[in-house]
Amino acid sequence: MTMTLAVDCGGTGIKASVLDPAGTLHAKPVRVPTPYPLSVDRFLDTVAGLAAELPNADRATVGLPGMIRHGVVIVTPHYVTESGPRSKVVPELVDQWHGFDAQAALAARLGMPALVLNDAEVHGAGVVTGVGLELVLTLGTGLGCALFDGGR
């Protein structure tokens, strides 16, 4: 049975657990406050630290806030700030995160295939029916949305 390390990265907390193919939890979720300022190295350390607290998985799926294309961060609103949402933007962090191939970096760090998507897309993939046009809105530190057409 293929097990998935599922990681939800938010503006105030990063949460993880291990799921089976049906989406059933196989471990109590673990959570840490999102550490700020959040360099890409600190991000990788944080996710790897959570993974180390959980049972082994075969692959990872990670939801990040912001615009993510093919596992690469285009922009992330919170992680480029001094102390979290609505705080001062740190130009060096903007440079680090823009174009960061989070998918490749996480796969290398975790030693397993990784899929990195926008956090609302990850949530939506778990709840859409796959029929017609479906809109998923997520409310957290920020507002996220994902639009699915026929499950895609």
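If you're wondering where the values come from, they're calculated on a predicted model, not measured in any experiment.

Caption draft 1: Focus on the nonpolar core. Counting residues in hydrophobic clusters, the biggest one holds 38 residues, and the most contacted among them are L5, F43, L64, W97, F100, L106 and L110. With 7 residues, helix α1 (residues 40-52) is the largest single contributor of residues to this core. If near-sequence neighbours (up to four positions away) are discounted, L5 is found in contact with A16, S17, A51, L54, A57, R59, A60, T61 and L110.

Caption draft 2: Spatial organisation of the side chain of E134. Locating E134 in the fold gives a position in strand β8 (residues 133-139). Lacking a salt bridge, the buried E134 has R152 as its closest oppositely charged neighbour, with an N-O distance of 12 Å. Here the side chain of E134 touches T129 through a polar contact of 2.9 Å, landing on its backbone nitrogen. Those residues in contact with E134 that sit more than four places away from it in its chain are V128, T129, A146, L147 and F148.

Caption draft 3: Summary view of the pattern of salt bridges. Under the criterion given, the structure shown has 2 salt bridges. Of the charged contacts in the structure, one is a salt bridge between R109 and D45, with a shortest N-O distance of 2.7 Å. Taken together, the residues span a long stretch of sequence, with R109 in helix α3 (residues 102-110) and D45 in helix α1 at a distance of 64 residues.

Caption draft 4: Seen up close, the sheet that holds strand β2 (residues 13-19). Strand order in the open sheet made by the 5 strands is β3-β2-β1-β4-β7, with mixed pairing throughout. The sheet terminates laterally at β3 (30-33) and β7 (114-118), the two strands that pair on one side only. The mean inter-strand angle of the sheet, taken between neighbouring strand axes irrespective of direction, is 15 degrees.

Caption draft 5: Looking closely at the packing of aromatic side chains. All chains considered together, the criterion is met by 5 aromatic pairs. Judged by centre distance (6.4 Å) and plane angle (55 degrees), the ring pair of Y36 and Y79 falls under tilted. With a gap of 43 residues between them, Y36 in the loop between β3 and α1 and Y79 in the loop between β6 (72-75) and α2 (91-97) connect regions that are remote in the sequence. The same class applies to Y36 as to Y79, namely buried. Through a chain of ring-to-ring contacts, three or more aromatic side chains come together here, namely Y36, F43, Y79, W97 and F100.

Caption draft 6: Molecular detail of the environment of P29. Checked against the element boundaries, P29 lands in the loop between β2 and β3. With a relative accessible area of 46%, P29 lands in the partly exposed category. Spatially, the C-alpha atom of P29 lies 26 Å from that of D101, the residues being 72 residues apart in sequence. Once residues lying within four places of it in the same chain are set aside, the contact partners of P29 are A16 and S17.

Reading the values: rules and limits
- Residues numbered from 1 in each chain as written.
- Predicted model: local features only at pLDDT ≥ 70, side-chain atom pairs only at ≥ 80, totals over all residues.
- Heavy atoms only, no water.
- Core = buried A, V, L, I, M, F, W, Y, C linked by side-chain atoms within 4.5 Å.
- Buried < 20%, exposed > 50% of the residue type's maximum accessible area, 1.4 Å probe, protein only.
- Helix = DSSP H or I, 4+ residues; strand = E, 2+ residues; numbered from the N terminus.
- Contact = heavy atoms within 4.5 Å.
- Lys, Arg positive; Asp, Glu negative; His and termini not counted.
- Salt bridge = Lys/Arg side-chain N within 4 Å of Asp/Glu carboxyl O.
- Polar contact = N/O pair within 3.5 Å; in protein donor to acceptor, adjacent residues only side chain to side chain.
- Pairing = 2+ DSSP bridges.
- Axes fitted to C-alpha atoms, helices over the stretch in contact; angles between N-to-C directions.
- Phe/Tyr/Trp six-rings, centres within 6.5 Å; stacked < 30°, edge-to-face > 60°.

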